[in-house]
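# Fold and geometry: a report
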Amino acid sequence: MINPKKVEYTDLELNVNGLKVRKRIPTHLRLLDFLRDELGLTGPKEVCSEGECGACTVILDGKIVNSCLVFAVETDGSEIMTIEGLSKNGKLTKLQQAFIDHHSIQCGYCIPGMVLSGEQILKDHPSPDRETIQNELAGNICRCTGYQKIVGAIEAAADERGKAQIE
Ligand code: FES
Ligand code: FES
């Protein structure tokens, strides 16, 4: 239990989903709580709280991180993307659409993390095969879908991108 009299505060300035954010925050605040409680971005979910499930995944300066393991203060000056920042002007990305088309979603709890990890896979690998996708998704746990349709959606988005590049 944190003694409120001993809480220290600091100023935080960063870019979240393309918008500049400035806040005074307690130094012990986790990035996950900052995003959810201070900014109202509830896409990142809390499940395990210890870096095992990937439900709290966000992209921090171009890299996937578990926001439950990062102090908000560590992200000062950074760029963060949550699932809320992915679609532009209400237009879903190819991968988001592929998740819908492949019926890759059940309860949905893991899906923001899965989609962001999938986007990162597509960014890091020009033409990811099934094994690469499975390995790269190892940090994201889904209790509902059995993974096949999630992997299938990422494969389909990669295929579609490949075809678009050839045309
Ligand atoms: S809640 Fe962060 S990895 Fe599970
Ligand atoms: S869809 Fe329910 S945990 Fe993945």
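The rules we used
Residues numbered from 1 in each chain as written. Chains lettered and ligands numbered in written order. Predicted model: local features only at pLDDT ≥ 70, side-chain atom pairs only at ≥ 80, totals over all residues. Axes fitted to C-alpha atoms, helices over the stretch in contact; angles between N-to-C directions. Helix = DSSP H or I, 4+ residues; strand = E, 2+ residues; numbered from the N terminus. Left-handed = near helix turned anticlockwise from the far one by under 90°. Contact = placed C-beta atoms within 7 Å. Nonpolar A, V, L, I, M, F, W, Y, C, P; charged D, E, K, R; others polar. Pairing = 2+ DSSP bridges. Domains from an automatic or database assignment. Core = buried A, V, L, I, M, F, W, Y, C linked by C-beta atoms within 7 Å. Buried ≥ 20, exposed ≤ 12 C-beta atoms within 10 Å, placed from the backbone.

## Description of the packing of helix H3 (residues 111–124) against helix H5 (residues 148–166)
Interhelical geometry of H3 versus H5 gives an angle of 35 degrees and a closest axis separation of 10 Å. Between H3 and H5 lies a crossing whose hand is right-handed. Note on element contacts: H5 touches H3 through Ile150, Ile154, Ala157, Ala158 and Arg161, opposite Met114, Gly118, Ile121 and Leu122. Looking at the contact of H3 with H5 residue by residue, the class counts come to 7 nonpolar, 1 polar and 1 charged.

## Quick look at the sheet that holds strand S1 (residues 9–16)
The strand order across the open sheet built from 5 strands is S2-S1-S5-S3-S4, with neighbouring strands paired in mixed fashion. Two strands close off the open sheet at either side, each with one partner strand: strand S2 (19–26) and strand S4 (63–66). Mean inter-strand twist for the sheet, computed between neighbouring axes without regard to direction, equals 40 degrees. Where strand S3 (residues 57–60) meets S4, 4 bridges bridge the pair, whose relative direction is antiparallel. In the sheet register, Thr57 faces S4, and the bridge partner there is Asn66. Strands S3 and S4 of the sheet are contacted by H3, whose axis makes an angle of about 35 degrees with S3.

## Remarks on the domain arrangement of the chain
Domain boundaries in the chain define domain 1 (4–85) and domain 2 (94–166). Computed over C-alpha atoms only, the centres of domain 1 and domain 2 are separated by 24 Å. Listed by partner, the interface residues are 12 residues for domain 1 and 11 residues for domain 2. Of the residues assigned to the side of domain 1 that touches domain 2, the class counts are 8 nonpolar, 3 polar and 1 charged.

## Section: the nonpolar core
Note that soluble globular proteins tend to have their nonpolar side chains buried in a common cluster. In this structure, Val58, Leu95, Val115, Ala153, Ile154 and Ala157 are the most contacted members of the largest nonpolar core, which totals 39 residues. Contributing elements (two or more residues each) for this core: S1, helix H1 (31–38), S3, strand S5 (79–81), helix H2 (94–101), H3 and H5.

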